[in-house]
Structures are given as C-alpha cells and as structure tokens.
Amino acid sequence: MTFVPFTVFLFGAVVGSFLNVCIYRIPRKESLVFPGSHCPACNAPIRFYDNIPIASWIFLFGKCRTCRHPISFQYPLVEAINAGGYLYLYFRFNLSGPMVLYALFFSALLVITFIDLHHKIIPDVISLPGIGIGLLACLFVLPPDFLDALTGAALGWGLFYLIALVSRGGMGGGDIKLIAMIGAFLGWKKMLLTIMLGALGGSVVGIALMILFKKSRKYAVPFGPFLAVGALASLFWGTSLIEWYLRLV
Ligand SMILES: [Zn+2]
C-alpha cells in the first residue's frame, strides 16, 4: 500500500475506535469524552498503547491486560469495517468533498447498525442531524440536487410513517428518521432502492431465523441494519442496479 491509502485506512481505524465508544455510550446516555476508555469489567483505565485500533485487541488476545476479562470481538470488527469502508471510499472518490461526506454517512450507519442490534433503537442524536447534514451536502457538494435530496427525505419519512400507522408498531420511529436521513444523502431513487434491498435482506434473514431457531413471527428483527446495508449498496452500486432494474420492466 502506498502512503495515502494506508493513512486513510489508519484514520478509518482510529475513527472506528471512537465509534466503539459511541456505540457503547450513546444508548446509555453517557458522555463521549469523559471518562476515558476503561475496562467495563474491572474499570482499569486502558492505556494508550493498549488502545491501538485492531492491533491491541490481537496483541492482548482479546482480553483486558489487568483482569483478563474478554474484550468483545466487536471492537476490532467495528474498527476494521470503518477502516475498510474509508479505504473503499478513497478508491471510489479520491480525497474529495464527497469522500469526506460519504465517510461521515458510512460511520453514522455503522454506529446505528450496532446500536440497533444491541438495543433495538436508532438514536435521534445521529439520524436527525444526519438529515440536516445530508440536505446541506446535496445543496453544496453531493451529486443529488437539493430538490432530489429533499424529496428523498420527505418521501422516505412519509412512506415509513404510513407503514408505522398501518402496521401499528411494526415500524419504529427510529426507522422513519433513518430512512429520511438516507433519502437526504442519496436522493429519492436510491432511497427507494434502499427500502427494496433492506426489505429483501430483512425477509431472507427473518425467514432463515424462523426456520433455524424456530423464532416466532413476533420475534422482531431490527430493520435498521438492513436499511444501513441497503443504503451502502445503493450508494456504491445503485446506479447500475437501477439501470438493470429499469431494463427488466
Ligand atoms: Zn479489566
């Protein structure tokens, strides 16, 4: 790897380390800066040389240095996904305004995914500013024009709001704001594609879980992670997917 991609990867890993803090603390309504990182089992502060993204977890064999309590594999996983995501964005968009904004979008979706998996909530503190940032980004930097972004956000919000009304609780308020944020970043076409991909992925996994674990139909699979993955697929390959779909119909 040459210097710039390597730096982008490293930066992504360092940001990923902060995202782990967000994933743990935002649903618990704790401060993101204070206190510093500490072991959740023994409260021992984690020293800087034990806090190196990805590498420290491997060197410590996934255990706290002080009390040997296992440290979740989720920590290096989130760091690696964010690093890989930034690297891919760099290859697609170079060092540019869109790359920076999509990196922000990517990290927001990553945090939302893991919080939704653990707590079945999507925090407003991420999705609501996300809607505003997405709209502003399309006004100044990103390819969907402002009207497209506004339509995406409003249409997504409206559609999911209707589904929430009809399904009486089948769709959470968090999902409504998340799809609006996705529409604000990607425009209305890729927002609709996100819903199609997310629903497809959610159904496949939902049915698989029902068969494998005999979970009842009431066992709710959180929808946020599927929307997040669908949004990234739409961002990266949406244009070709939409063209392919339009040739089919
Ligand atoms: Zn410990």
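Below is a summary of the structure that appears in this document. Nothing here was measured: the structure is a model prediction, and the numbers come from that model. Counting from 1, residues in each chain are numbered in the order their sequence is written. A pLDDT threshold of at least 70 governs which residues receive local features in this predicted model, and a stricter bar of 80 or more applies before side-chain atom pairs are shown or counted, although totals over entire chains, interfaces and linings include all residues. With hydrogens and water set aside, each side-chain value is computed from the structure's full complement of heavy atoms.

## A look at the overall build of the protein
A count of helical and extended segments in the protein gives nine helices and zero strands. Counting from the N terminus, the helices are DSSP H or I runs at least four residues long and the strands are E runs at least two residues long. Listing the helices and strands of the protein from first to last along the sequence gives α-α-α-α-α-α-α-α-α. Radius of gyration (C-alpha) of the protein: 19 Å, near the 18 Å computed for a compact globule of 249 residues. Across its three principal axes, the protein shows a C-alpha extent of roughly 60 × 50 × 30 Å. Counting across all 249 residues of the protein, residues that qualify as buried make up 43%. When the accessible surface of the protein is split by element, carbon and sulfur atoms take 72% of a total near 14,000 Å². Mean positive and mean negative side-chain charge positions of the protein (18 and 9 charges, respectively) differ by 10 Å. Here the globule rule reads 2.2 Å times residues to the power 0.38, and the radius of gyration is calculated from C-alpha atoms. Partly exposed describes any residue whose relative accessible area lies between the buried limit of under 20% and the exposed limit of over 50%, with all areas from a 1.4 Å probe on protein chains only and scaled to the type maximum. Note on areas: Shrake-Rupley, 1.4 Å probe, and residue coverage restricted to the protein chains presented here. Charged-residue counts in this description rest on Lys and Arg as positive and Asp and Glu as negative, His and the chain ends being excluded. All charge positions are set by atom: Lys at NZ, Arg at CZ, Asp at CG, Glu at CD.

## Examining the nonpolar core
Judged by nonpolar contacts, the single largest core of 54 residues is most densely connected at Phe105, Leu109, Phe160, Met181 and Ile182. Of all the secondary-structure elements, those providing two or more residues to this core are α1 (3-25), α3 (74-93), α4 (97-119), α5 (124-140), α6 (146-167), α7 (173-186), α8 (188-213) and α9 (224-248). The element contributing the most residues to this core is α4, with 13 residues. Those domain boundaries reflect an automatic or database domain assignment. Split by domain, the residues of this core number at least three in each of domain 1 (1-95) and domain 2 (121-249). Filtering out sequence-adjacent residues up to four positions away, phenylalanine 105 remains in contact with Met181, Ile182, Phe185, Leu186, Ala231 and Leu235. Note on terminology: a nonpolar core comprises buried Ala, Val, Leu, Ile, Met, Phe, Trp, Tyr and Cys residues joined through side-chain atoms within 4.5 Å. Residues count as neighbours in contact if any of their non-hydrogen atoms are within 4.5 Å of one another.

## Observations regarding the coordination of the zinc ion
Listed donors are limited to N, O and S atoms within 2.8 Å of the metal, widened to 3.2 Å for Na, K and Ca; water is not among them, so incomplete-looking sites are possible. Looking at the metal site, the zinc ion is ligated by Cys39 (SG), Cys42 (SG), Cys64 (SG) and Cys67 (SG), spaced 2.3 to 2.4 Å from it. Note on geometry labels: four donors, all angles 85 to 135 degrees, give tetrahedral; four donors become square planar and six octahedral when opposite donors are over 155 degrees apart and every other angle is between 65 and 115; remaining cases are irregular. One can describe the site at the zinc ion as tetrahedral: its four donor atoms subtend angles covering 105 to 115 degrees at the metal. Looking at cysteine 67, the relative accessible area reads 33%, which means it is partly exposed.

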